[in-house]
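# Observations on chain architecture
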Amino acid sequence: MEKQWTWNFLLYLIVCPGLDILAKDFQICNQAAFDSVVNKFCIPQFVKTMESLNFKQECPWPASKISYNTLIKCVEKTAINTKCINPSLKDEIFLELHHLFFPLCPSSMKPKDPGLHIILLLVLPCVLSPFLLSYFCTYITIRTANPQVPVSP
């Protein structure tokens, strides 16, 4: 019985500090604090900068780059401090801000169509290779079947 108690005690000494360390890493997200800090401190500073840039008439991107980076850092620090590291929370904030402040900016998600020469370089080998292969196969077959008969291409 005493041996069992000793093992339990040793197990307690080894496992509990480890659980404490794990518990610190897996703390629950305080989403209310995250939303509050982001809405009271991070976003108002960015909005103030954007209002001075006349974002409703033209794309404010190059001029708003510094304040945008400041906003990113503020949101990331808040996410780390409140243990809200879920990317979807940050994505919601930035998507909302993009729809509000950057609707006139060209989207980098829409790639330009390639030129005609690029399309031809990609398509022509796929179209011509079956015809060329069938021609050469026929030519080789006829040449090997009748080596004396001259074949005119």
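In what follows, the accompanying structure is described. (Residues numbered from 1 in each chain as written. Predicted model: local features only at pLDDT ≥ 70, side-chain atom pairs only at ≥ 80, totals over all residues. Heavy atoms only, no water.)

### Remarks on helix H2 (residues 31-51)
Each turn of an α-helix holds 3.6 residues, which means side chains three or four residues apart point in the same direction. To be explicit about the condition: Note on conventions: DSSP H or I runs of at least 4 residues are helices, E runs of at least 2 residues are strands, and numbering of each starts at the N terminus. In this scheme, a helix's expected span is set at 1.5 Å multiplied by one less than its residue total. Working definition for bend: take the seven residues up to and ending at a residue and the seven starting at it, fit an axis to each, and measure the angle between the axes. When a residue's accessible area, from a 1.4 Å probe over protein chains only, is under 20% of the maximum for its type it is buried; when over 50% it is exposed; and in between it is partly exposed. Whether two residues are in contact is decided by their heavy atoms, any of which lying within 4.5 Å being enough.
Here H2 is 21 residues long and its end C-alpha atoms lie 28 Å apart, about the 30 Å a rise of 1.5 Å per residue gives. Along its length, H2 shows its largest kink, about 40 degrees, at Ile 43, and proline Pro 44 lies within four residues downstream of that point. Within H2 the residues assigned to the buried category are Phe 34, Val 38, Cys 42, Ile 43, Phe 46 and Met 50. On its buried side, H2 packs onto helix H3 (61-81) and helix H4 (87-101).

### Some points on a negative patch on the surface
Our working rule: What goes into a patch is any residue over 30% in relative accessible area without a salt bridge, connected to like charges within 9 Å or, for nonpolar side chains (Val, Leu, Ile, Met, Phe, Trp, Tyr), within 5 Å. Shrake-Rupley sampling with a 1.4 Å probe provides the accessible areas, and residues are treated as covered by the protein chains on show and by no other component. For this document, the term salt bridge refers to a Lys or Arg side-chain nitrogen within 4 Å of an Asp or Glu carboxyl oxygen. None of His or the chain ends enter the tally, which takes Lys and Arg as positive and Asp and Glu as negative. By convention, the point assigned to a charge is CZ for Arg, NZ for Lys, CD for Glu and CG for Asp.
A grouping of Asp 35, Asp 91, Glu 92 and Glu 96 is seen on the molecular surface, where their side chains present a negatively charged patch. The leading source of residues in the negative patch is H4, at three residues. Taking relative accessible area as the criterion, Glu 96 reaches 61% and is therefore assigned exposed.

### Thoughts on the state of the cysteines
Put simply, the rule reads: Here, two cysteine sulfur atoms that lie within 2.5 Å of each other are counted as a disulfide.
If you walk through the whole model with that rule in mind, you get one disulfide. Residue Cys 42 pairs covalently with Cys 74 via a disulfide, S to S 1.8 Å. Here the S-S torsion is close to -70 degrees, and the disulfide linking Cys 42 with Cys 74 is therefore left-handed. Taken together, the residues Cys 42 in helix H2 and Cys 74 in helix H3 connect sequence positions 32 residues apart. For Cys 42, a relative accessible area of 2% puts it in the buried group. By relative accessible area, which is 24% here, Cys 74 ends up partly exposed.

### As for H3
With 21 residues, H3 should reach 30 Å at 1.5 Å per residue; the first-to-last C-alpha distance of 29 Å fits that figure. Taken as a whole, H3 carries its principal kink of about 35 degrees at Ser 67. Those residues of H3 that fall on the buried side of the exposure criterion are Ser 64, Ser 67, Tyr 68, Leu 71, Val 75, Thr 78 and Ala 79. For H3, the elements touching its buried residues are H2 and H4. Count one or two residues on from H3 and you reach Lys 83, which has phi positive near 65 degrees.

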